[in-house]
Each structure stands twice: as C-alpha cells, then as structure tokens.
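# Structural overview
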Amino acid sequence: MIKHLIITVLFVGFGYTIAAQNTMTVAADINIDTKTISVSQTIVYKNETTDVLNTIYLNDWNNSYSTKSTPLAKRFEEEFSTKFHLAKNEERGFTVVTSIKNETETLLEFDRLKAHPDVIKVDLENPLQAGESYTLHLNYQLLIPDATFTDYGVTKTNDFDLKYWYITPAVYDGEWHYYSNKNLDDLFIPKSDITLSITHPRNYKVTSELNFNATTFNNEKNTQTTILSGKDRTDTYLSLYKFPLYNFVQTDDFIIVSDIKEKGLPGPVKALITDKITRYLTKHLGTYPHKQLLVTSIDYQKDPLYGLNQLPPFFRPFQEDFQYELKLLKTALKKYIDNVLLLNPRKEHWLSEGLQVYYLIKYVEENYPDVKLLGTLADVWGIKSFHAADLNFNFQYYLYSMEIARKNRDQPLTTSKDSLTKFNTNIAGKYKAGIGLNYLDQFMDDTSLSDHITDFLKSKQLESVALSDFETFISSKTSKDIRWFFTDYLNTRKKIDFKISSVKTLEDSLKLTIKNKRDNTMPISLFKLKNDSVIGKLWVENIQDTKTITLAKDSTDKFALDYNNVIPEYNQRDNYKATQGSFLNNKPFQLRLFKDLEDPNYNQIFFMPLVEFNNIYDGLTLGTKVYNKTLLRKRLNYRFSPQYATKSKTLTGSTSIFYTHNFEDQNLFDITYGITAGYQSFATDAFFTRIRPTIAFSFRDDSNFRSPQTDQIMARYVSINRELGEDATVLLEEPDYGVFNLRYTHFSPGVINYSRLSTDIQVANKFSKVSFNYEFRKLTQGNRNINFRFFAGVFLNNKSDPNSNYFSFALDRPTDYLFDFNYLGRSEASGIFSQQIIIAEGGFKSKLETPFANQWMTTANFSTSIWRYIQAYTDIGLVKNKYVDPKFVYDSGIRLNLVEDYFEIYFPIYSNLGWEVGQPNYDQRIRFMFTVDPQVLLGLFRRKWY
C-alpha cells in the first residue's frame, strides 16, 4: 500500500511539472479471478480555449456495457446481434465511481448523462479559466466485459485485451465533443502525457504502445507492478496475457510490435517485410513521433482485407508474403494515422480512412503492379477467361464502393460514423474515400497530391485539426479548381455518370459531345485510343448537361472516358465511342459462361447451366439461364430460363424482365416495374402458366439509413392458366382466372423488436376481398421471446362455386391460387409434403374440420419461450362460411423455433379435435417450415450489413 502511495504521489508531481499539457496518471490493480480493476487516477486537464469552464466531461466507455439499453446495446440490436442481449449479467461490464475530488481533496458532484451512460459530467468547485489547468482525482472500480462482444475485454482464457478501459477527458474546442461507445473504435480524446502503473499477477505480461519504465515485484502477493509512460498519446490499448504472442521488430525508423500472423511465413521474411513497411510509412506519413507502434490482430480483424484474402489458407489465391505484407500495412497505416492526425474520429473519419486506402492503392501500384484481383486464380484454366481475371488488385476498391451505390444504399462520406450502415462503415465508405483521393491525385496533374499530403501530415502532426484545414492546405497547392471534391464528392450522394453522346468527324477535326447524366460538377478524363492503345488524354471540366469539344483530327479510332478506371463512375458501359462505323464498333456483343464482372467494352450476355429442385412433381430440373445480370446490380435485368423436368418429363421454366428507378435524397427510393412468366407443375401431370406484370414503390427514412424500416406499395396482375394431362391426379375446381392485387406492407425487422403490417386487396371476376395482417415479435429484457400475429380477411363479394374453397381464406394451409408460396408438394393431401406449413392467412398448425372460410375469417397466433428455441404456441379464431354460423376454432402445441422464418417444427397438442397427441397417426399431424431458397437464407447475412 505504501509503495502504491509513493508511486501515485510521484505521478501527480510529474503531472504538475508540465501543467501546460494534459496529463493522466493511472494506478490500476487487476484482479484476474473477479475480472475487476481497481483504479486510482489523476487527470490534469488544461483549458486550451478562451472560454471559462464550469464543468468537465469524462469518457467512461467501460460503462457502455452496463445495461441492455445503452447506446452500445442498441447498436448490437441494430446489427441483428443478440449476443449482448442474451448474455449473463456477469458477462457485461460496468464502472462504479466511488469519488471524484479536486486538488484540495474536495469532493465534486458528478452524474452520468441520461442519453450517454458512459459519459460523466463533473461540476467544478471553481471555474476553470482560459489557459489554466484543473486537477481531478478519481477512484473507481471496473468490471471488465467479456471479449465476445467487441473483441475487447476478458477472453475465454482469462487474458485481457483492454481498450477505452480507463476514464479519459473529452475534447473541448468551444464545444464539448462527447458521445457514447458504439463499437466503432472512435473515442475522441485530447492528447495527454500518460503514466500507467499496472499491478497484476506475475505470470501475466503487459504489452502496450507506451514506453516501458520499470517493474517492481511483491513476492508476498505474487504480483508485479509494471510502469509505462508516453508523451502526446491518445491510444488506450493495453494487453495483459499469460502467453503473449507479440513480436518486436526493430527497424531503422521505429519498433513495430505485432501479433498478426501468416501461417508458413518465416520470421526473417516477416522482419524484412516489416522494415519495408516502416520505410514506406515514414516516407509518406512523416517521422513517427513515438518509439513503437503496436499493431494487433484485433485491429486487423476489425478492418480486414475483404474479399478473396479472407478465404481459408488452403484456398487463398495470394502468396503468404504478399498476404502478410498487406495485412500488416493496412493495419499499421490506420494505427499510424490515428496516432498522429488528431481528427474527430466520429465526425471526420473519412480523411484518416481515405488516407489509409489511398496509400494502400499507391503501395500496390508501386510494388505489385501485376497482381490481379483474383490472385493466382487469374491464371487457372477456365477462370482466366473471365473479365474479373483481367482486373488489377486495386480494382476491388471500386468494386466494393460501387456495390453499395448500385443498391442505392451509399451515404455521403461526411456522414457521422455512427449513422453509417455497417457496409458503409466497414467497407464502402473507406474505399470511396480512398479512390476519391486517388481521383483527386490524377486530376491534379499540375502537382503531386501525395507529396502535399505528406507535408500536411508533417506540419499538423499531433495537432488538433479539422477537415477544413486539409481542404485549405490542398487547395493552395494547385492551380486547378478542386472545390467539386469537397462539395459534391464528399458531402453528397451524387453519382458520377458520363457518356459520350456523339463523335462527328469533320474535315480536319473531331467534334465530340460528352453528357453529364447527373447534377454535379465533377470532372471526367477523356482518352484517345488507337488499336486499344492510349495515344492521348485530357480532363474535361464543368460539364453542365452536355459539353462539346473540338479536337484536332489524328489517328484516333476510339474515345474512352476514364479508360484507366480511376474514377468511381456509376455506369461505365457507355464510356466508349468509335470515330467510325456502327454501334457494334463501340461495344460488340459478348457471350459468357457464368456471371462475371461487367466489362464496359462489351454488351455482355451470360448463360449458366441450371440444376434445380422446385417441387416433387417436376423433380430435378435441368436447363440453362440466359441473363444480363452481373456481380454489380444493374437497372435493367432480364432472364430467360428454359428447363427440362426429369420427373414430369416436360419443358418448364420462367422468364422475367425488370427495370428499377433509383431516387436519392427522398423517402421514395425505388420504383421497380416489369413482368415475369413461368410454366411448371402444380400436381402430377398438371401444369400452370403464370404471367405477372408488377410495379412496386419502396420507401424508407432517407434521414436514417440505419433504420431497417421500409414501406412498399405493390400493384400487380396475376394471370393463371392451367392444363391437365391424362394422368392428372387433381380436378380443376375453378376455370382459369386473373386477379388484380394491390398490397401495402410496412416492415420493421429486428432481433429485439420486429413488426410487420400489411393490407391486401384482390379483385377478380368472381370475387373481391380485403385482408389485414399484423405480426409483432419481441425479445424481452428477461430473454423471453413473445410472438403475436393477427389476421382478418373478408370477402366483399364471392361468386365462386360454393362447393369450392379454391379462393377461400385458409385456416392452416392456403391454396395459394396466386402461386406465391414455395410449396414442395402444393397439391398433396397426405404424406410429409402435405405437412409443410407457410404462416399465412389463418396461421393455424392443426388441420381442423373447418379449414376454410368463404365469407370472413379472423385469427390470432401467439407463442412464447419455454426454454431456448423451444416455445409454446396457441391459435384462436372465428371462421365464417356462407349460411353457417361463425365457428370458434383453436389449437395449441410446442414450436421448435430452430431458425425463425426459415426452419421450424410444430407439434400439435390440443385443439378443437381434442388431445391430438393421443390420436392415431400423430406423426402426420406434425408440421414443418423449411426454406431451401439460398437467396432467402443469404438474407440472414445481408441484413447485418445493409
């Protein structure tokens, strides 16, 4: 105890001697068994503004784990993760602050902000004057959370990965910059001189970016105290491991400490690569101001090399040294920039992330210009014929950024980081920023952007900077007008989309017209080609709608926009125009086997062999699909799929064509219209033809892309024609028909709260009806699943055959006369395929004696958890048929909710039929829900990212 007191006094004295700088001294006693840390801390906070402060705000991000309702908990919910919600209380972390005092040991009042439970407001006893410093003494206890939530915390092996663990001051520059932890690794704190005293068991070792000072031992308690310090620091990461795997590589520039691995790569090779990377960092980012740079595998896992690099090692198409080099480089770039460029990481994140990707692009261009996007796969027979095999490694940044833009889910780069979707946060936003800087670099051909960025980083190293400082600095270094980059490119969702409208050959010149298909001021590069070789290049600026330029006539046989793929252009398919000949000279047709990346040089048509199983009547179907869809979404998509059904021995298949209008900066974001047609079996030797023209209007909250809530209005006409063969096992209850269907759906998916509301109107010759469906699910604070569904439907008129229930509301198994559902055995009345259930209309699970309603029906379905995925369910309802009194119906049983909406099993127990378990053939009463559509299953993955 005396030793700790002496150390603390020394730390405080150290803080006072340099009061011109923020200082923090932390004495932490770590208890491995209880996963707690006792902290005694001193903060000397300097007011570097001209304002007088009466309060100081402190970041206590360890407390962001304290409840299921913190902003961090809500973030997990938004990304469809239940791991935090379902965790035990002892697995979550929290902070208990026992006291906050000033330098005279006076207790200060403090409280946590209601909206930010991980931010502490401290009321000062005396105002803090401009240029003065204020001392705070804090005592608090930390319960460290499990590392399963954010990768930081206590691991399964009782090791500690600590980040944002001790309390830090927030930044004040005229306003307080504080916000909650949302698992974005973006704490904004002022630089400080830090001294840490970490008391821990002797069999553990501390690893940090701070400098090692000394170690003392307590043999009685079998502990040691490790003392670390650093000047001008913002990084709070500390590792406490029994068997740390870090390697220390001393280079001519600085030490890199890293636990990033690459199987099969020898140590000397890693050392050479590390030295190569530190030279590159120093050259382009300036001399590193600290002794060592800590680069962890957690840093890499949170920001990996997406794509083929993440394939299993036995199938990875890149050499081990290249793989390791880029992993280390990407992670080191981010850490280096964050440590020297003191931006607000939540509000001004695009610059640091853009610089990371920009220098990754430059590094590969300089050192690996011949590496392909597909790596060694690009040389494999069959694969090398794909356009993707021709593309360079750096093309991936365009590809991923355009993936989200084509889906109309991109966001401005200046959007606050916590408002970005996961895909934009982790991938698309960073890549768009990086290729944007490369775009700007190419445009500024009168100077070197790379050199100016280096100068900027050197001049602003360890200084508080804003994005406006970068804009002012770079703008002063070129004679070109680059305002478009800081306005249209960064601040808006405006797409870059140009086309060459026409080329006219005159007597001694070529007159070329370029059209700007979007409302922006961004420039485009124009290339002159001869025999597919570049013979000239110029930049065309200020294109408002169209711009015509006249060039001297020469040997040019084709013009191309952005020939070198530098610009993230939305549509590159109209970037080519030949000086002579027909449109085939511009873009000839190309037939490709299997889907590929789009090649703007060709009009591509793809075909792919198909082997599918749609239903038990057609069995396995063999055929081919002819289509134009590429890996990046297009507005116009067509598909033609003729198939041969091996069981029904009939030619089946389908075709479709759809066009999508995307809208930006408004709630109506998508209008899609088109038509589908198909032919297949619905029973043995019975077939249907469906023709379905459709138009759909999709809405979302344009101010909050993270909200999963969507609304859709869909109108369609469904025309059904059926035919029976000689061996048909069914009779046609109704003649062929057509139905006009108007549907409104409000959908708010979520793993904690889920709701879906829809209204449906159907009008046909023989009937018209209206139905309403509402579904609600909730995962309670006590981890109980509650599911409720309500359905009501009524016929406005019904002139169909009274002996037929073909168009009636169904209690347990809709007839699906619109052929919307994926029934495996649509017409089965017995056997396993008749037990397939799709929750629609009545939603009952038992097959009752009144399974249909030709007048009206109303039902309610309820289920709740018993244990884990085992639930109890009950259904009640009223069924009304013509000329018959309404009948009350009910059933109940056990539900195995293995994967909700995808794989579920229902065991009826009691219903109008009585005790079903004891009745004959109980196995035929069990119902199952099973989805085999891979696109539906992929939705489980997509919802987390988009």
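Everything in this summary refers to the structure shown in the same document. Predicted model only: the values in this text are computed from it and were never measured. (Residues numbered from 1 in each chain as written. Predicted model: local features only at pLDDT ≥ 70, side-chain atom pairs only at ≥ 80, totals over all residues. Heavy atoms only, no water.)

### Some remarks on a positive patch on the surface
- Together, Lys-595, Lys-629, Arg-633 and Arg-942 line one region of the surface with positive charge.
- Within the element layout of this structure, Lys-629 appears in the loop between β30 (620-627) and β31 (636-645).
- The partly exposed category is assigned to Lys-629, whose relative accessible area is 42%. (Patch = residues over 30% accessible without salt bridge, like charges linked within 9 Å, V, L, I, M, F, W, Y side chains within 5 Å. Areas by Shrake-Rupley, 256 points an atom, 1.4 Å probe, with all protein chains shown as cover. Salt bridge = Lys/Arg side-chain N within 4 Å of Asp/Glu carboxyl O. Lys, Arg positive; Asp, Glu negative; His and termini not counted. Charge placed at Lys NZ, Arg CZ, Asp CG, Glu CD. Helix = DSSP H or I, 4+ residues; strand = E, 2+ residues; numbered from the N terminus. Buried < 20%, exposed > 50% of the residue type's maximum accessible area, 1.4 Å probe, protein only.)

### Notes on the sheet that holds strand β21 (residues 498-505)
- Here 3 strands make up an open sheet; going across it, the order is β21-β22-β25 and the pairing antiparallel. Single-partner strands in this sheet number two, and they are β21 and β25 (546-552). Averaged over all adjacent pairs, the angle separating strand axes in this sheet is 20°, with direction ignored.
- Relative to β25, strand β22 (residues 509-516) runs antiparallel, the two being bridged by 7 bridges. Within β25, the position partnered with Leu-512 by the bridge is Ile-549. (Pairing = 2+ DSSP bridges. Axes fitted to C-alpha atoms, helices over the stretch in contact; angles between N-to-C directions.)

### Looking at the environment of Gln-396
- Examined against the element boundaries, Gln-396 turns out to sit in helix α7 (residues 395-406).
- Judged by its relative accessible area of 5%, Gln-396 is buried.
- Distance in space between the C-alpha atoms of Gln-396 and Leu-374 is 9.8 Å, their sequence separation being 22 residues.
- Polar contacts involving the side chain of Gln-396 include one to the main-chain carbonyl oxygen of Phe-393, which spans 3.2 Å. (Polar contact = N/O pair within 3.5 Å; in protein donor to acceptor, adjacent residues only side chain to side chain.)

### Things to note about the pairing of strand β36 (residues 737-748)
- In terms of strand pairing, strand β35 (residues 710-724) meets β36 through 11 bridges, oriented antiparallel. Residue pairing across strands places Ala-715 opposite Leu-742, the latter belonging to β36.
- Taken together, the 9 bridges between β36 and strand β37 (residues 753-763) define a ladder with antiparallel strand orientation. Residue pairing in the sheet places Arg-743 in a bridge with Asp-760 of β37.
- What sits between β36 and β37 in their antiparallel hairpin is a turn of 4 residues.

### Re the packing of helix α8 (residues 422-443) against helix α11 (residues 483-491)
- Direction vectors running N to C along α8 and α11 enclose 155°, while the axes themselves pass 11 Å from each other. When the axes of α8 and α11 are compared, the pair comes out roughly antiparallel. Considering how the two elements wind past one another, α8 and α11 form a crossing that is right-handed. Packed against α8, whose contacting residues are Lys-432, Ile-435, Gly-436, Leu-437, Tyr-439, Leu-440 and Phe-443, the element α11 presents Trp-484, Phe-485 and Tyr-489 at the interface.
- Taken together, the residues of the contact of α8 with α11 break down into 8 nonpolar, 1 polar and 1 charged. (Parallel < 35°, antiparallel > 145°, perpendicular 65-115°, else oblique. Left-handed = near helix turned anticlockwise from the far one by under 90°. Contact = heavy atoms within 4.5 Å. Nonpolar A, V, L, I, M, F, W, Y, C, P; charged D, E, K, R; others polar.)

### A few points about helix α10 (residues 467-475)
- Residues Leu-467, Phe-470, Phe-473 and Ile-474 constitute the buried set of α10. One side of α10 carries all its buried residues, which in axial view fall inside an arc of 125°.
- In the core, the buried residues of α10 are packed alongside α6 (349-367), α8, α9 (449-459) and α11. (Arc of directions from axis to C-beta.)

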